[in-house]
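Spelled out, the chains give:
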Amino acid sequence: VQLQASGGGLVQAGGSLRLSCAASGRTFSNYVMGWFRQAPGKEREFVATISRDGGSTYYADSVKGRFTISRDNAQNMVYLQMNSLKPEDTAVYYCAVRWNRNLRLATTQADYDFWGQGTQVTVSS
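Predicted, not measured: the structure shown is a model, and the values here were computed from it.

Conventions we followed
Residues numbered from 1 in each chain as written. Predicted model: local features only at pLDDT ≥ 70, side-chain atom pairs only at ≥ 80, totals over all residues. Heavy atoms only, no water. Core = buried A, V, L, I, M, F, W, Y, C linked by side-chain atoms within 4.5 Å. Buried < 20%, exposed > 50% of the residue type's maximum accessible area, 1.4 Å probe, protein only. Helix = DSSP H or I, 4+ residues; strand = E, 2+ residues; numbered from the N terminus. Pairing = 2+ DSSP bridges.

Next up on the list: the nonpolar core. Residues Trp35, Leu80, Met82 and Tyr93 are the most contacted members of the largest nonpolar core, which totals 36 residues. Elements supplying a minimum of two residues to this core: strand E1 (2-6), strand E3 (17-24), strand E4 (32-38), strand E5 (45-50), strand E7 (67-72), strand E8 (77-82), strand E9 (91-98) and strand E11 (119-124). Per-element tally for this core: the top contributor is E9, with five residues.

Set out below in structure tokens:
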């Protein structure tokens, strides 16, 4: 099983980035997926989650209206479109999967069972 996050980089405030998470090893359409981030010196925090069929999403208040999570189950991909980026969005971003199917969405680290490596997002002011 693998989760490979990519798409991070350096962007100016107000800019956009699209993160991708490529999943392999299982049929990921069966599972809730999420994005988290960790800024230097801070705890890892929830960013967004998406249901198995992509029909439901939920966001942290700090990114609501600016970020959009989506998935392509045929391609085993999950995306995070990030617009209107701010310096405080600077962090390492991680995608994660929850194996247990008893939740439609999941918003805490403890809800997730497997994590990919992160991708660095840096927003300059």
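Don't stop here, the text continues.
When you tally the buried positions in E9, you get seven out of eight residues, the bulk of the element. With seven bridges joining them, E4 and E9 adopt antiparallel strand pairing. Counted as the bridge partner of Trp35 is Cys95 from E9. Note that E9 and E11 share three bridges and pair antiparallel. For Tyr93, the partnering residue across the bridge sits in E11 and is Thr119. In terms of strand pairing, E9 meets strand E10 (residues 114-115) through two bridges, oriented antiparallel. Paired with Val97 across the two strands is Phe114, which belongs to E10.

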